[in-house]
Amino acid sequence: MDKKYIIDTKENRSFLEENAASLLEFGRRFPSPEGGSYYLGDDGTPWKDRNRETWITCRMVHVYSIGSMMGVEGCKALAEQGLKGLLGELRDKVSGGWYAGRTASGDILPLKQCYAHAFVILAASSALLADISGAGQLLDEALKIYDEYFWDDEEGLACDTWNTEFTKLDTYRGLNANMHTVEAFLAVADATHDEKYRDRAGRIIERVIRWTEENDYRIPEHYTSDWQPDLDMNIDRKDDPFKPYGATPGHGIEWARLIVQWCMSSGKDKDDPLIHKACKLYDRAVSDAWNRDGAEGIVYTTDWDGEPVVHDRMHWTLAEAINTSAVLYRVTGEERYTEDYASFMRYLDLVVLDKKTGSWFHQLDEKNQLKETVWPGKSDLYHAFQAMLIPYKEPGISIAATFKN
């Protein structure tokens, strides 16, 4: 195995550092004049005919805030421009909160999404640490809106979607938004030392673990308004980008890392039962999804018996597999995670990295050929960039906060 795939070698460190720098260079054209993020095309060219979405803008503010803390020239100005969009064109000055985005012509994209608001919190937390002007104002407002409309303290979970005016709550409940809420709550706790949000992250994790154990460590993603699992949702639209049918192994892998982060940040040790459950969650997802159909890669979804349903390989699942295998190795010391990490690194280098035009291919088919039905182009840098940093950072600290410790 090439040394550049093996964790804790100087070759692997260099490989990650070079790719992190390349990603920051690739994404520099993201900001629109108003600050909202353009969707990036295959070579990083902004696709100005597409929507400027809030969640993408937040991810880019998060990435370039970290780039600023890394001392990379120009990153602070880019984070400032993205923050301008979050305080400007993407913010609803009438009803509060953030629109889903703006169309190419500047019209409002309706609805108020928990998913997007969680990313506003993440972006604001990272920008605050990077001393980006306006970040404190953004974070204060984001937390106020989130607490008022999305956090259900009785359930210990977040609801999902409101209408634009915040007058009608959709009946759908889901774990994707709750997963990114955990990430955001841990980030704001690390940035502000308000432990209320770490406690809330733990409450979400407690519920998710319970559902996971009841379902053989395959996470039910979709729920009714009273939080009953809806295991057949979108059975006729299996490759939905945000609400696919069945289990999403990439989310199982991502949840495993977030659970470990919460445990380590809450003073638990490697023998804590939750760490063991996180390992089971990772093991189930990798067993179900990695190299299951005759070619390398992590399948997008499986049914409730672990059989692949959508065979496409999404780049974010690989990024999370890199992150979580490294984190589980750091925490448990088990060598089997280094073997997984090396396999994921090799696949990244040989298949998923776009060595012609930059960044990572965002969607490949079951033969690892480019496919663009769900994720054309290369929308943002968030997953790929974090995967170049997390393997060498403290597992119990949010990624942006590691640059301030």
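Above this text sits the structure in question.
Residues numbered from 1 in each chain as written. Predicted model: local features only at pLDDT ≥ 70, side-chain atom pairs only at ≥ 80, totals over all residues. Heavy atoms only, no water.

### Comments concerning the overall build of the protein
Step number 1: Looking only at helices and strands, the protein features twelve helices and 13 strands.
Step number 2: Here the protein has a C-alpha radius of gyration of 19 Å; the compact-globule value for 405 residues is 22 Å, and the two agree.
Step number 3: When its C-alpha atoms are laid out on the principal axes, the protein stretches across 55 × 45 × 45 Å.
Step number 4: As presented, the protein carries roughly 15300 Å² of accessible surface, and 46% of it is formed by carbon and sulfur atoms.
Step number 5: Charge-centre separation for the protein: the mean point of 47 positive side chains lies 3 Å from the mean point of 68 negative side chains. (Helix = DSSP H or I, 4+ residues; strand = E, 2+ residues; numbered from the N terminus. Rg over C-alpha atoms; globule rule 2.2 N^0.38 Å. Areas by Shrake-Rupley, 256 points an atom, 1.4 Å probe, with all protein chains shown as cover. Lys, Arg positive; Asp, Glu negative; His and termini not counted. Charge placed at Lys NZ, Arg CZ, Asp CG, Glu CD.)

### With respect to the nonpolar core
Nonpolar side chains tend toward joint burial in soluble globular proteins.
Step number 1: Within the largest apolar cluster, 135 residues are counted, with the highest numbers of intra-cluster contacts made by Tyr-64, Trp-255, Leu-348 and Trp-360.
Step number 2: The element that contributes the greatest number of residues to this core is helix α4 (residues 114-129), accounting for eleven residues.
Step number 3: The residues contacting Trp-255, other than those within four sequence positions of it, are Leu-175, Asn-178, Met-179, Val-182, Ile-204, Ile-205, Val-208, Ile-219 and Leu-281. (Core = buried A, V, L, I, M, F, W, Y, C linked by side-chain atoms within 4.5 Å. Buried < 20%, exposed > 50% of the residue type's maximum accessible area, 1.4 Å probe, protein only. Contact = heavy atoms within 4.5 Å.)

### What to know about the packing of helix α7 (residues 196-214) against helix α8 (residues 249-265)
Step number 1: Relative to each other, α7 and α8 sit at 135°, their axes nearing to 10 Å. The pairing of α7 with α8 is recorded here as oblique in orientation. Where α7 crosses over α8, the handedness of that crossing is left-handed. Each of Arg-198, Ala-201, Gly-202, Ile-204, Ile-205, Val-208 and Ile-209 in α7 lies in contact with α8, whose residues at this interface are Trp-255, Leu-258, Ile-259, Trp-262 and Ser-265.
Step number 2: Classifying every residue of the contact of α7 with α8 by side-chain character gives nine nonpolar, two polar and one charged. (Axes fitted to C-alpha atoms, helices over the stretch in contact; angles between N-to-C directions. Parallel < 35°, antiparallel > 145°, perpendicular 65-115°, else oblique. Left-handed = near helix turned anticlockwise from the far one by under 90°. Nonpolar A, V, L, I, M, F, W, Y, C, P; charged D, E, K, R; others polar.)

### Thoughts on the pattern of salt bridges
Step number 1: Counting across every chain of the model gives 29 salt bridges.
Step number 2: With a closest N to O distance of 3.1 Å, Glu-155 and Arg-207 form a salt bridge. Placement of the pair is Glu-155 in the loop between β7 (151-152) and β8 (157-158) and Arg-207 in helix α7, with a sequence separation of 52 residues.
Step number 3: The exposure class of Glu-155 is partly exposed, given its relative accessible area of 28%.
Step number 4: The exposure class of Arg-207 is buried, given its relative accessible area of 15%.
Step number 5: Arg-210 is paired through a salt bridge with Glu-206; the nearest N and O atoms lie 3.7 Å apart. In this pair, Arg-210 and Glu-206 both sit in helix α7, four residues apart, roughly one turn of the helix.
Step number 6: What makes Arg-210 partly exposed here is its relative accessible area of 39%.
Step number 7: For Glu-206, a relative accessible area of 49% gives the class partly exposed.
Step number 8: Connected via shared salt-bridge partners are Asp-216, Arg-218, Arg-284 and Asp-288. (Salt bridge = Lys/Arg side-chain N within 4 Å of Asp/Glu carboxyl O.)

Keep in mind that these numbers describe shape and distance, not what the molecule does.
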